Amino acid sequence: YGPEITFTTAMPPIATTAATAITTNSAVCGGAITSATGGTVSARGVCWDTRPDPTIALATKTQNGAGDGTFTANLTGLSVLTQYYVRAYATIGTNTVYGEQRSFNTAGPPVQDIDGNTYEVIGLGTQVWFKQNLRTGKYRNGEVIGQNLSASAWSSTTTGACAEYSDSPVNGAKYGKLYNFHAVVDPRNVCPTGWRVPDMTDWQTLYGYLLGLSEYTGGIVKTTGTTAAGNGDWLAPNALATNSTGFSVLPAGS
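Bear in mind that the values here come from a model prediction, so they are computed numbers and not experimental data.

Student: Can you help me understand the nonpolar core in this one?
Tutor: When a protein is soluble and globular, its nonpolar side chains tend to lie buried together. Formed by 18 residues in total, the largest nonpolar core has its most connected members in Ile33, Val46, Trp48, Leu75, Leu78, Val86 and Phe104. Of all the elements in the fold, those that place two or more residues in this core are β1 (14–20), β2 (27–33), β3 (43–49), β5 (69–75) and β6 (83–92). Val121, Tyr139, Ile145 and Val190 belong to the second-largest nonpolar core, a separate cluster that totals 12 residues.

The following block contains the structure:
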């Protein structure tokens, strides 16, 4: 006999899919196992926690069958406006391998403005944001913001005003209204009670959080697709857009 050697069979490559259908207490995630060269995958699913690097031993997990291929998992019982870390897993024998770690934030209860418009709420790091642009035509106290100004009147006014891109109500409903500086800083406040327009410090905080997730900070907050392809709002190529945060930023005009 020759000298004895030992080896360990390879674990299957596994990927974690980004969370979708995120609500206040649930989300949909999953994974993809490309091959199980070292044996049969006896268990698979995703595990999640509010701490990084969740494992099946220490975190909550789903069990989504066995074998290779793709699978979808429903994450339930989540807390409102909370950041979660999630990884897909696959078990062969006594060994478990994990996909890459992804994170997402659960949503908050919807918010209504003075006009009755409803906004979805999303947590991003330590902050909470509306997912849609503001589209009210009134200040918080019910007083009307100036509207229907001509281009010259818009440029010269020294009081609050708002408009819709291309003066189109359809654009206003989808992309929100456009507000001038006077409306934004007016002490009557354009935002619902408990909310405010973000300032530069807020945007820098958001940028810092996004940079910790990806170097493509714009791509992970933008909606996917292009106008040319007929499945989006952005001009081509929009190649780096993944919207993995679920923030769903749209190009709202100016």
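So that's the structure; there's more coming.
Student: I'm lost on the layout of surface pockets in this one. Help?
Tutor: Any space left empty among the atoms is revealed by the rolling of a water-sized probe across them. The computed volume of the largest pocket comes to approximately 1100 Å³. Element by element, the count of residues in the lining of the largest pocket is highest for helix α4 (residues 200–213), at 5 residues. Classifying every residue of the lining of the largest pocket gives 22 nonpolar, 8 polar and 6 charged. Its volume calculated, the second largest pocket comes out at about 260 Å³. Arg102, Ser103, Leu213, Ile220 and Ser244 are the residues nearest the centre of the second largest pocket, which is lined by 14 residues in total. Listed by contribution, the elements that provide at least two residues to the lining of the second largest pocket are β1, β8 (102–105) and α4.

Student: Please explain the side chain of Asn189 as it appears in this structure.
Tutor: Relative to the elements of secondary structure, Asn189 occurs in the loop between α3 (181–185) and α4. Aside from chain neighbours lying at most four places away, what touches Asn189 is Tyr139, Arg140 and Trp195.

Student: Would you take a moment to explain the packing of aromatic side chains for this structure?
Tutor: Two aromatic rings are characterised by how far apart their centres lie and by the angle between their planes. The tally for this structure, following the rule as stated, stands at 5 aromatic pairs. Relative to Phe247, the ring of Trp129 lies with its centre 6.0 Å away and its plane at 65°, an arrangement referred to as edge-to-face. Residue Trp129 is located in strand β11 (residues 127–130), and its partner Phe247 is located in the segment after α4; the two are separated by 118 residues in the primary sequence. Residue Trp129 shares its accessibility class with Phe247, and that shared class is buried. Both rings, one in Phe130 and one in Trp195, keep their centres 4.7 Å apart while their planes meet at 50°; by these two values the pair is tilted.

Student: I'm lost on the pairing of strand β9 (residues 107–112) in this one. Help?
Tutor: Regular strands place side chains that alternate from one sheet face to the opposite one. Direction of pairing for β9 relative to strand β10 (residues 118–124): antiparallel, over a ladder of 4 bridges. Each residue of the ladder has a partner; that of Val111, found in β10, is Tyr119. Between the antiparallel neighbours β9 and β10 lie 5 residues, among them Gly116 with a positive phi of about 90°.

Student: Explain the sheet that holds β1 here, please?
Tutor: The strands that make up a sheet pair up through hydrogen bonds in the backbone, lying either parallel or antiparallel. One open sheet holds the 3 strands; their spatial order is β1-β2-β5, and the pairing between them is antiparallel. What marks the edges here is a single partner per strand, and that holds for β1 and β5. Each adjacent strand pair in this sheet contributes to an overall mean axis angle of 20°, direction not counted. Relative to β5, β2 is paired through 7 bridges, and the arrangement is antiparallel. Opposite Gly31, over in β5, you have Phe71 as the bridge partner.

Student: Quick question: what am I supposed to make of a nonpolar patch on the surface here?
Tutor: Together, Phe181, Val184, Val185 and Val197 make up a nonpolar patch on the protein surface, roughly 330 Å² of accessible area in all. Along the chain, Val197 turns up in the loop between α3 and α4.

Student: Whenever I open this one, the sheet that holds β11 confuses me. Can you help?
Tutor: Spatially, 3 strands are ordered β9-β10-β11 in an open sheet, and the strand pairing comes out antiparallel. Looking along the sheet, the strands with just one partner apiece sit at the ends: β9 and β11. This sheet shows a mean twist of 30° between the axes of neighbouring strands, independent of strand direction. Running at roughly 105° to β11, α4 makes contact with β10 and β11 of the sheet.

The rules behind these values
Residues numbered from 1 in each chain as written. Predicted model: local features only at pLDDT ≥ 70, side-chain atom pairs only at ≥ 80, totals over all residues. Heavy atoms only, no water. Core = buried A, V, L, I, M, F, W, Y, C linked by side-chain atoms within 4.5 Å. Buried < 20%, exposed > 50% of the residue type's maximum accessible area, 1.4 Å probe, protein only. Helix = DSSP H or I, 4+ residues; strand = E, 2+ residues; numbered from the N terminus. 1 Å grid on protein atoms, 1.4 Å probe; cavity = no way out; pocket = protein on both sides within 12 Å on 5 of 7 lines; lining within 4 Å. Points joined across faces, edges and corners; volume = space filled by probe spheres on them. Nonpolar A, V, L, I, M, F, W, Y, C, P; charged D, E, K, R; others polar. Contact = heavy atoms within 4.5 Å. Phe/Tyr/Trp six-rings, centres within 6.5 Å; stacked < 30°, edge-to-face > 60°. Pairing = 2+ DSSP bridges. Axes fitted to C-alpha atoms, helices over the stretch in contact; angles between N-to-C directions. Patch = residues over 30% accessible without salt bridge, like charges linked within 9 Å, V, L, I, M, F, W, Y side chains within 5 Å. Areas by Shrake-Rupley, 256 points an atom, 1.4 Å probe, with all protein chains shown as cover. Salt bridge = Lys/Arg side-chain N within 4 Å of Asp/Glu carboxyl O.

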